[in-house]
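For reference, the chains in residue letters:
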Amino acid sequence: HAQFQDLNRLFDLIGRVPEEKLMFLGDYVDRGPQGIEVVMLLFCLKIRYRDRIYLLRGNHETPSVNKIYGFYVECQVKYGVGLWWDFQSCFNRMPMAGLISKKVLCMHGGLSPELITLDTIRNIPRPCEPLDRGLLIDLLWSDPTNKGEGWFHSIRGISYMFGKGVVEQACKSLEIDLIIR
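A brief look at the structure comes next. (Residues numbered from 1 in each chain as written. Predicted model: local features only at pLDDT ≥ 70, side-chain atom pairs only at ≥ 80, totals over all residues. Heavy atoms only, no water.)

## Looking at the sheet that holds strand β5 (residues 143–144)
Whenever strands of a sheet pair, they do so through backbone hydrogen bonds, lying parallel or antiparallel. Quick reminder of the rule: In this analysis, strands are considered paired if DSSP registers two or more bridges between them. To qualify as a helix, a DSSP run of H or I must reach at least 4 residues; to qualify as a strand, a run of E must reach at least 2; elements of each kind are numbered from the N terminus.
Across the sheet, three strands lie side by side as β5-β7-β6; this open sheet has mixed pairing. The outermost strands of the open sheet, each flanked by one partner alone, are β5 and β6 (151–153). Sheet analysis places β6 next to strand β7 (residues 160–162), joined by three bridges and oriented antiparallel. Its bridge partner lying in β7, Phe-152 is registered against Met-161.

Set out below in structure tokens:
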């Protein structure tokens, strides 16, 4: 969330690319003062070490969110609104999920009732902009809950909450061992 010093502290703790292979699950911008610096450093690392760093899209890498929570104003003040539009074009091309060793599914949000196979994610056409419901929104916004085993309407008013039974069924049907969000 636009905390450049925190990002560097993380690198100091866990190691830096290319020595370490890293996957980030999104929310690079908003809330903090240095979203441009955070996302540009990560983009530069991705360009330089493309097989050592993976950047997934978070819900703050959408225009409807980052226009409200600070990234739009940061771009406007530092460089002009055109830069904000350029970043939206980049964000629309970012993957929504990643798979580690064919057994660990990673995404910013969570599961979706529309997630039938891993090919469902692989076949998401990019560039894409998540709208108000569906697979893209769920991958960015859905949350686990202890409320029960199944699907529930989210208290956030967007996407779903999912219980332990949904996770177990997803792991079985997707042939994965773990979901990281």
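Once the structure has been displayed, the description carries forward.
## Some thoughts on unusual backbone geometry
Quick reminder of the rule: Partly exposed describes any residue whose relative accessible area lies between the buried limit of under 20% and the exposed limit of over 50%, with all areas from a 1.4 Å probe on protein chains only and scaled to the type maximum.
The residue after Val-17, namely Pro-18, is reached through a cis peptide bond having omega 15 degrees. If you trace the backbone, Pro-18 turns up in the loop between α1 (4–14) and β1 (22–24). Even without being glycine, Asp-27 reaches a positive phi, approximately 60 degrees. The exposure class assigned to Asp-27 is buried, which follows from its relative accessible area of 12%. A positive phi angle is found at Glu-175, which is not glycine, with a value near 55 degrees.

## Topic: the environment of Val-17
To be explicit about the condition: By the convention used here, residues are in contact when the closest approach between their heavy atoms is within 4.5 Å.
By secondary structure assignment, the location of Val-17 is in the loop between α1 and β1. What makes Val-17 buried here is its relative accessible area of 8%. Between the alpha carbons of Val-17 and Tyr-49 there is a distance of 7.3 Å; along the sequence they are 32 residues apart. Val-17 has contacts with Leu-22, Tyr-49, Arg-52 and Ile-53, leaving out every residue within four places of it along the chain.

## A few points about the environment of Val-65
By the element assignment, Val-65 lies in helix α3 (residues 63–66). Aside from chain neighbours lying at most four places away, what touches Val-65 is Asp-30, Asn-59, His-60 and Trp-141.

## Describing the pairing of strand β3 (residues 97–100)
For β3 and strand β4 (residues 104–107), the ladder comprises four bridges, and the chain directions are antiparallel. Its bridge partner being in β4, Ala-97 is matched across the sheet by Met-107. What sits between the antiparallel neighbours β3 and β4 is a turn of three residues, in which Ser-101 has the positive phi angle 50 degrees.

## A word on the packing of aromatic side chains
In plain terms, the rule: Ring pairs shown here join Phe, Tyr and Trp side chains whose ring centres sit within 6.5 Å, with only the six-membered ring taken for Trp; geometry is labelled stacked below 30 degrees between planes, edge-to-face above 60, and tilted in between. For a lysine, the NZ atom is tested; for an arginine, the CZ atom; a charge sits over a ring if that atom is within 6 Å of the ring centre and within 35 degrees of the ring normal.
Per the counting criterion, the structure on display carries nine aromatic pairs. With centroids separated by 6.2 Å and ring planes inclined at 80 degrees, the aromatic side chains of Phe-11 and Phe-24 adopt a geometry described as edge-to-face. With Phe-11 in helix α1 and Phe-24 in strand β1, this pair connects stretches of sequence that are 13 residues apart. Judged on exposure class, the residue Phe-11 and its partner Phe-24 are both buried. Where Trp-151 meets Tyr-160, the ring centres are 5.5 Å apart and the plane angle is 65 degrees; that geometry is what we call edge-to-face. Classification of Tyr-160 as partly exposed rests on a relative accessible area of 29%. Through pairs of rings, three or more aromatic residues link up here, namely Phe-43, Phe-71, Phe-87 and Phe-91. Of note, Arg-31 hangs over the ring of Tyr-69, and the distance from its end group to the ring centre comes to 5.5 Å. Positioned above the aromatic ring of Tyr-72, the side-chain terminus of Lys-67 is 4.8 Å from the ring centre.

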